[in-house]
Amino acid sequence: AQSVTQLDSQVPVFEEAPVELRCNYSSSVSVYLFWYVQYPNQGLQLLLKYLSGSTLVKGINGFEAEFNKSQTSFHLRKPSVHISDTAEYFCAVSEGNRDDKIIFGKGTRLHILP
Amino acid sequence: GAVVSQHPSRVICKSGTSVKIECRSLDFQATTMFWYRQFPKQSLMLMATSNEGSKATYEQGVEKDKFLINHASLTLSTLTVTSAHPEDSSFYICSAPSPRVGTEAFFGQGTRLTVV
């Protein structure tokens, strides 16, 4: 069965500084990988996804992530954060089967410091 | 594009009553849907897989008699929280696999349940 590890429960970063949110996954088969963002008291919004092809994927709001199969990682990055990026970020994985469930990591709270 | 609609978005109920949450796939059919629960400041935990025309598959530790799932049609799955208690207060969210192979699933807007 697949699993996702987000080692950092909270990441504080100054506004306009770069940020990396770490995600490692475990699966015995090929996977689909996702990053979702959840703003306070709201639902999920898909930031980006890796399904196949290029290992560097670009998403909305200036975020990007790189799929690294050898390190089983899918870290999320942004070169310059804004106060509006304050939110909870979830890394997620599914096993690539169309009907397969999505498993979420515990989440990382991005805290932007003024 | 394909959308999943979840209703209601918020509900407050008295302890001991039951609450039904609906999850509809708009413009596409979903033989499978998933129900998640999110407690405050925690991640989304898969509760169960809803299967059209057959019994739901529950994750370990989820009481199937308390969280009744019905997937009576190809576009509708319902989650009923029976005899709700304050500890059932949570954010419930459903998802359905995309009708297009190789694309991501769609999530409903979520339902915030408060049991008083």
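Provided above is the structure to which this section pertains.
This structure is a prediction, so every number in the text was calculated from the model and none was measured.

A. Seen up close, the sheet that holds strand E7 (residues 67–73) of chain B. Residues and elements named next belong to chain B. Read from one edge of the open sheet, four strands run E1-E3-E8-E7, paired in antiparallel fashion. Strands at the two margins of the open sheet, each flanked by one partner only, are strand E1 (3–7) and E7. Averaged over neighbouring strand pairs, the angle between their axes works out to 15° when direction is ignored.

B. Main features of the packing of aromatic side chains. All names here are of chain A. According to the stated counting rule, one finds 12 aromatic pairs over all chains in the structure shown. Centre to centre, the rings of tyrosine 50 and phenylalanine 67 are 4.3 Å apart; their planes meet at 25°, and the pair counts as stacked. Within this pair, whereas tyrosine 50 is found in strand E6 (residues 44–50), its partner phenylalanine 67 is found in strand E8 (residues 64–68), the two being separated by 17 residues in sequence. Each member of the pair, tyrosine 50 as well as phenylalanine 67, carries the same accessibility label: buried. For the pair phenylalanine 90 and phenylalanine 104, a centre-to-centre distance of 6.4 Å together with 90° between the ring planes defines the contact as edge-to-face. Taken as a pair, phenylalanine 90 in strand E10 (residues 87–94) and phenylalanine 104 in strand E11 (residues 103–104) lie far apart in primary sequence, 14 residues in all.

C. The arrangement of the pairing of E8 of chain A in detail. Residue and element names in this part refer to chain A. Along E8, the buried face is formed by Ala65 and Phe67; none of Glu64, Glu66 and Asn68, which line the opposite face, is buried. As paired elements, strand E7 (residues 56–58) and E8 share three bridges and run antiparallel to each other. Within the sheet, the bridge partner assigned to leucine 56 lies in E8 and is glutamate 66. Between the antiparallel neighbours E7 and E8 lie five residues, among them asparagine 61 with a positive phi of about 60°. The pairing of E8 with strand E9 (residues 73–78) spans five bridges and is classified as antiparallel. Of the residues in E9, the one forming a bridge with glutamate 66 is histidine 75. Taken together, E8 and the strand that follows it, E9, pair antiparallel across an intervening segment of four residues, in which threonine 72 is found at a positive phi of about 45°.

D. Region of the structure containing the pairing of strand E9 (residues 90–96) of chain B. Residue and element names in this part refer to chain B. Among the seven residues in E9, seven count as buried, and that is most of the element. Because side chains alternate across E9, one face comprises the buried residues Ser90, Tyr92, Cys94 and Ala96, and the other comprises Phe91, Ile93 and Ser95, equally buried. The sheet contact formed by strand E4 (residues 32–38) and E9 spans five bridges and is antiparallel. Bridged to tyrosine 36 within E9 is isoleucine 93. Taken together, the three bridges between E9 and strand E11 (residues 111–115) define a ladder with antiparallel strand orientation. Bridge pairing in E11 links tyrosine 92 to threonine 111. Two elements, E9 and strand E10 (residues 106–107), share two bridges in a ladder whose sense is antiparallel. The residue bridging serine 95 from the neighbouring strand is phenylalanine 107, located in E10.

Reading guide: rules and limits
Residues numbered from 1 in each chain as written. Chains lettered and ligands numbered in written order. Predicted model: local features only at pLDDT ≥ 70, side-chain atom pairs only at ≥ 80, totals over all residues. Heavy atoms only, no water. Pairing = 2+ DSSP bridges. Helix = DSSP H or I, 4+ residues; strand = E, 2+ residues; numbered from the N terminus. Axes fitted to C-alpha atoms, helices over the stretch in contact; angles between N-to-C directions. Phe/Tyr/Trp six-rings, centres within 6.5 Å; stacked < 30°, edge-to-face > 60°. Buried < 20%, exposed > 50% of the residue type's maximum accessible area, 1.4 Å probe, protein only.

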